Protein chains: 2
Amino acid sequence: MKKFVNNVDDILVESLNGFASAHHDLVELNLEPKFIMRSKKASNKVALISGGGSGHEPLHNGYVGYGMLDAACPGHIFTSPTPDQMIEAAHKVESGKGVLFIVKNYTGDVMNFEMASEMMPFKNATILTCDDVSVINSTYTTGRRGVAGTVIVEKVVGSLAEKGADLESCKKLGDKVNHRCGSIGVALTSCIVPAAGRSTFEIQDNELEMGVGIHGEPGRRREPMRDADSIVADMVNAILEDFELRDIKLCPDDEILLLVNGFAATPLLELYLIYNSAAKLLKTKNLRVVRSLVGNYTTSLEMAGASITLCILDQEIKENWDSPVHTASLRWGI
Amino acid sequence: MKKFVNNVDDILVESLNGFASAHHDLVELNLEPKFIMRSKKASNKVALISGGGSGHEPLHNGYVGYGMLDAACPGHIFTSPTPDQMIEAAHKVESGKGVLFIVKNYTGDVMNFEMASEMMPFKNATILTCDDVSVINSTYTTGRRGVAGTVIVEKVVGSLAEKGADLESCKKLGDKVNHRCGSIGVALTSCIVPAAGRSTFEIQDNELEMGVGIHGEPGRRREPMRDADSIVADMVNAILEDFELRDIKLCPDDEILLLVNGFAATPLLELYLIYNSAAKLLKTKNLRVVRSLVGNYTTSLEMAGASITLCILDQEIKENWDSPVHTASLRWGI
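Quick look at the structure, then. (Residues numbered from 1 in each chain as written. Chains lettered and ligands numbered in written order. Predicted model: local features only at pLDDT ≥ 70, side-chain atom pairs only at ≥ 80, totals over all residues. Heavy atoms only, no water.)

## Points about the packing of aromatic side chains
Right, so step 1: Evaluation of the coordinates by the stated rule reveals six aromatic pairs over all chains.
Right, so step 2: Considering the side-chain rings of A:Tyr272 and B:Phe19, the 5.1 Å spacing of their centres and the 80° angle between planes classify their relative orientation as edge-to-face. Here A:Tyr272, found in helix 7 (residues 268-284), pairs with B:Phe19, found in helix 1 (residues 11-22), and the two come from separate chains. For the pair shown, A:Tyr272 and B:Phe19 are each scored as buried.
Right, so step 3: Both rings, one in B:Phe101 and one in B:Phe113, keep their centres 5.0 Å apart while their planes meet at 75°; by these two values the pair is edge-to-face. Here B:Phe113 lies in helix 3 (residues 107-119) and B:Phe101 lies in strand 5 (residues 99-104), a separation of 12 residues in the sequence. Exposure class is identical for B:Phe101 and B:Phe113. Each is buried. (Phe/Tyr/Trp six-rings, centres within 6.5 Å; stacked < 30°, edge-to-face > 60°. Helix = DSSP H or I, 4+ residues; strand = E, 2+ residues; numbered from the N terminus. Buried < 20%, exposed > 50% of the residue type's maximum accessible area, 1.4 Å probe, protein only.)

Structure, rendered in structure tokens:
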């Protein structure tokens, strides 16, 4: 294992200190317990709090700021945060309109956010993201996994919350966005959890893992490596089939947000090649890609690979996607 | 070699098509010859044109847009663009105040941009970036290599050009920024040039390459892998020693822009850990980090590793760094 670390036990704290220091105009770090919050507390809005295991940066710390999250609670690498983090964060950022948790559907996260929800004195609700179409149930999950679609949920709900909407409306929009998102990932190499010091899974030089999870969980199947168009077609078709299975009707000229997300080690050059392949395919299906995001937005430590997320837009989602945002890793209009 | 590609010969065109399609609101792609230009031509400003081998994305395509470049000319992977690209791009974006080339100091790039400079009908000048302190002369270079400091040059000069400054002033500011930048990189793994299909260099599981170039060129020495603080200290000290050798006096309380740049496969988690280590060290030297950038801004295909760039700010540089920018990969204030 070769990583830029001093002591494996200190990785998270040192990295959080770096993050908070680099973005001190935007965020503040609380260390006991650990959370990142906006340096300027918002007032009179639903407080959006997310969190989860570290190792997926910029998820979630990079999305704290105006128009997105109020706080993010990082667990240790690939490990859920604990309820005290969410409760303390809520005490710091709640501003009278309640707390909305955005939680990726993993057993540990769900349990810990549920405990926090029960133990905190504020009105609260939870959006559970489960956009990964590749498997039902998985190593760390009952039900579908929450992956890169979570970024879209955080952006869109963050915008609505910023406009002063109430808890119920924010929760409703978040659930809608999650419902209209589908994602699937492919791994070419494994990630290496620092504390383990070795690859999470073995994969040969001529193989890919179709449907991999963002912790290196197994996907649908191990497949022979092949050309990008063929991989991308299987990914896009898996998402579209899943929409069909869930009775989400796609109409010709439906507007799509296409997110091509890198897991880390796949060059941007290749992510744009994947984007090109996916966009061309969607066009043949009469779907219109009208919003795009290409880059490393939900990573898996140093894994090579990428995921594709399709979000079926409507006017409300599109407007809230377009509105200004100012975080470390997503910024426009400000 | 496992990459998301269809045919090795088509990587660049497919990736450029994806880039132009994802950012069609910002840029336009010209294919014969290849360049990316702003979709909305700027008027009455010095036209900034950069370019170089592909494989370093988002450099330079990701920096085309308001407040930065007017056009970028991508060569094939790790290969210089040819003069026809720069000349055609200039014809498209020149708006009466001349053309300023921003060129990383590699023999092929220098030669091709020089030919373009001589062959084009417009008044023009060139800023040659050479911020890499690790080696004098290298595999593809006479003199020092231009690396991630180039992003700072493009941002700062882009701002001044946007304000309507003339060619001489823009050239002068660019040279100043380059002079006040120092960079050094470390590789933990090699990149793989698609056409070659194998690692550019061999490196053991317990080694790092100190001073690596962004094409995998050898650096100062092969060293045993060690803790991050020790690696970062050597990097920061190498840059500071270089400032001293070049008679650039650093005074206590001098303001610094600290760029921690990932080459691709190093997780953001680790880049922030590197940032933390560098910022702490600079503080002990009474230097004040007042601007920061952390992420993959000048990459080397799928290489694991990172570079550190220090830019000594002054009022003019700081103001032009802070001004609005709207490109695919750097955006604020808009």
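## Some remarks on the packing of helix 4 (residues 149-162) of chain A against helix 5 (residues 167-179) of chain A
All names here are of chain A.
Right, so step 1: Their axes nearest at 9 Å, the elements helix 4 and helix 5 cross at an angle of 155°. Taken together, the axis directions place helix 4 and helix 5 in an arrangement best described as roughly antiparallel. Crossing geometry of helix 4 relative to helix 5 is assigned as right-handed. Across from Ile152, Val153, Val156, Val157, Leu160 and Ala161 in helix 4, the residues of helix 5 making contact are Ser169, Cys170, Leu173, Gly174, Val177 and Asn178.
Right, so step 2: Looking at the contact of helix 4 with helix 5, its residues break down into nine nonpolar, three polar and no charged. (Axes fitted to C-alpha atoms, helices over the stretch in contact; angles between N-to-C directions. Parallel < 35°, antiparallel > 145°, perpendicular 65-115°, else oblique. Left-handed = near helix turned anticlockwise from the far one by under 90°. Contact = heavy atoms within 4.5 Å. Nonpolar A, V, L, I, M, F, W, Y, C, P; charged D, E, K, R; others polar.)

## So, the interface of chain B and chain A
Right, so step 1: Of the residues lining the interface, 55 residues belong to chain B; the matching set on chain A comes to 55 residues.
Right, so step 2: Carbon and sulfur atoms make up 63% of the area that chain B and chain A hide from each other, which totals about 4,700 Å².
Right, so step 3: Among the residues chain B hides against chain A, the three largest losses belong to B:Lys2, B:Phe4 and B:Leu269. Together they make up 22% of the total.
Right, so step 4: In this structure, the connection of chain B to chain A is made through two salt bridges.
Right, so step 5: In this structure, A:Glu270 engages B:Lys3 in a salt bridge whose closest nitrogen and oxygen atoms are separated by 3.9 Å.
Right, so step 6: Class assignment for the residues of the side of chain B that touches chain A results in 29 nonpolar, 15 polar and 11 charged. (Buried area = accessible area lost by both parts, 1.4 Å probe. Salt bridge = Lys/Arg side-chain N within 4 Å of Asp/Glu carboxyl O.)

## Some details on the relation of the copies chain B and chain A
Right, so step 1: In the superposition of chain B on chain A (RMSD 0.0 Å, axial shift 0.0 Å), the rotation amounts to 180°. Put plainly, the chains are arranged around a two-fold axis. In terms of proximity to the rotation axis, the leading residue of chain B is B:Ala265, whose C-alpha is 1.9 Å off the axis.
Right, so step 2: A share of 100% of interface residues in chain B that are also interface residues in chain A marks the association as one of identical surfaces. (Least-squares fit on C-alpha atoms with pLDDT ≥ 70 in both.)

## Details of the nonpolar core
Right, so step 1: Of all hydrophobic cores here, the largest spans 200 residues; its most connected members are A:Ile308 and B:Ile308.
Right, so step 2: Per-element tally for this core: the top contributor is helix 7 (residues 268-284) of chain B, with 11 residues.
Right, so step 3: Residues in contact with B:Ile308, not counting those within four places in the same chain, are B:Gly182, B:Ser183, B:Ile184, B:Val232, B:Met235, B:Val236, B:Ile239, B:Leu258, B:Leu259, B:Ile274 and B:Ala278. (Core = buried A, V, L, I, M, F, W, Y, C linked by side-chain atoms within 4.5 Å.)

## Focus: the sheet that holds strand 2 (residues 35-38) of chain A
Residues and elements named next belong to chain A.
Right, so step 1: With mixed pairing, the six strands of this open sheet are ordered in space as 1-2-4-3-5-6. The two strands at the open ends of the sheet, each matched to only one other strand, are strand 1 (27-30) and strand 6 (124-129). On average, adjacent strands in this sheet sit at an angle of 20° to one another, irrespective of strand direction.
Right, so step 2: Looking at chain direction, strand 3 (residues 47-54) and strand 4 (residues 71-77) are connected through six bridges and run parallel. Note that in strand 4 the partner of serine 54 across the bridge is isoleucine 77. (Pairing = 2+ DSSP bridges.)

## Here's the deal with the side chain of A:Asp109
Residues and elements named next belong to chain A.
Right, so step 1: Within the fold, aspartate 109 resides in helix 3 (residues 107-119).
Right, so step 2: No salt bridge is formed by the buried aspartate 109; the nearest opposite charge belongs to lysine 104, separated by 4.9 Å.
Right, so step 3: Only 3.2 Å separates the side chain of aspartate 109 from the side chain of serine 80, close enough to count as a polar contact.
Right, so step 4: Apart from the residues lying within four places of it in its own chain, the contact partners of aspartate 109 are Gly52, Gly53, Ser80, Pro81, Val103 and Lys104. (Lys, Arg positive; Asp, Glu negative; His and termini not counted. Polar contact = N/O pair within 3.5 Å; in protein donor to acceptor, adjacent residues only side chain to side chain.)

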